[in-house]
Amino acid sequence: MNPLIKQLKKYGNLTSEIETELNEKIKSLIKQKGDFLLKEGQIVSSLFVIEKGLVRSFYNINEREINVWFGFESGILGSVMPLFFSQPSIENIQFLEDTTLYYISSNDLESFYKSSQEMNTIGRKMAEEYCKILEERSFLLQTHTAEQRYHWLLKNQPEALQRISLGHIASYLGISQETLSRIRKK
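Residues numbered from 1 in each chain as written. Predicted model: local features only at pLDDT ≥ 70, side-chain atom pairs only at ≥ 80, totals over all residues. Heavy atoms only, no water.

**Here's the deal with the UniProt feature "domain: Cyclic nucleotide-binding" (unreviewed entry) in the protein**
Now for step 1: Mapped onto the present numbering, the UniProt feature "domain: Cyclic nucleotide-binding" (unreviewed entry) falls on residues 10-112.
Now for step 2: Helix and strand shares over residues 10-112 are 22% and 42% respectively, and the end C-alpha atoms of the span are 17 Å apart. (UniProt positions renumbered as here; feature names shortened; annotations may be inferred. Helix = DSSP H or I, 4+ residues; strand = E, 2+ residues; numbered from the N terminus.)

Printed below as a string of structure tokens:
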């Protein structure tokens, strides 16, 4: 089964007709480690799912890269500003491993939302989950210590430590690499 369709089905049922139409619109993409899916200021208005590989999202602030999120296998991703508002991205999305993705354009997705109640519901449920993730992340950064944030990462994304550099992890946790090393020694 197409990996993007498989992920969409986690949010609701699809008729065989809609599934066939989706298969006609979904494309695949293979990128190499270090490549970019999107750079700040660009508009890439598609919804993606990772079949194999790993990406990171980051902001460039005062010549520093600040990691915002990591995308693993089966993860649905896209940059909110271009995807939903046709505005330039404020983030960069870079491949940390050779990656295979499947994607659908925002125009095609919007057409499905308008013509299919099932797809509209799926889109709403995905948006709700994204809001939940953002609220949890914001809460974590604002109310937890560095050590608590590290333990949250261990619990919720254990594969991160095997696949992502400590520098990227420290940035994601909002701490220095030295602080991360001290926490890990405990």
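**Side note on the sheet that holds strand β2 (residues 36-38)**
Now for step 1: Reading across from one edge, β2-β7-β4-β5 is the order of the four strands in this open sheet, with antiparallel pairing throughout. Edge positions in the sheet fall to β2 and β5 (64-71), since each of these pairs with one other strand and no more. Neighbour-to-neighbour, the strand axes of this sheet turn through a mean angle of 30°, independent of strand direction.
Now for step 2: Of the strand pairs in this sheet, strand β4 (residues 55-61) and β5 are connected by seven bridges, and their pairing is antiparallel. Following the sheet pairing, phenylalanine 58 is matched in β5 by asparagine 67.
Now for step 3: Sheet strands touched by helix α8 (residues 166-173): β4 and β5. Its angle to β5, the strand with the most contacts, is close to 90°. (Pairing = 2+ DSSP bridges. Axes fitted to C-alpha atoms, helices over the stretch in contact; angles between N-to-C directions. Contact = heavy atoms within 4.5 Å.)

**Looking at the packing of aromatic side chains**
Now for step 1: Evaluated as defined, the whole model comprises three aromatic pairs.
Now for step 2: Note on phenylalanine 48 and tyrosine 103: the rings are 5.4 Å apart at their centroids and 35° apart in plane angle, and the pair reads as tilted. In this pair, phenylalanine 48 sits in strand β3 (residues 46-52) while tyrosine 103 sits in strand β8 (residues 99-105), placing the two residues 55 residues apart along the sequence.
Now for step 3: Here arginine 56 stacks its cationic end above the ring of phenylalanine 58, 3.8 Å away from the centre of that ring.
Now for step 4: Across the ring face of tyrosine 172, the terminal group of arginine 137 is positioned such that the distance to the ring centre comes to 3.8 Å. (Phe/Tyr/Trp six-rings, centres within 6.5 Å; stacked < 30°, edge-to-face > 60°. Lys NZ or Arg CZ within 6 Å of the ring centre and 35° of its normal.)

**So, the nonpolar core**
Now for step 1: With 19 residues, the main nonpolar core has Leu8, Leu14, Leu22, Ile104 and Met119 as its most contacted residues.
Now for step 2: Residue assignment for this core shows that the elements contributing at least two residues are α1 (3-8), α2 (16-25), β3, β8, α4 (106-115) and α5 (117-143).
Now for step 3: Among all residues touching methionine 119, those that are not within four sequence positions of it are Leu8, Leu14, Ile18, Leu22, Leu109, Phe112 and Tyr113. (Core = buried A, V, L, I, M, F, W, Y, C linked by side-chain atoms within 4.5 Å. Buried < 20%, exposed > 50% of the residue type's maximum accessible area, 1.4 Å probe, protein only.)

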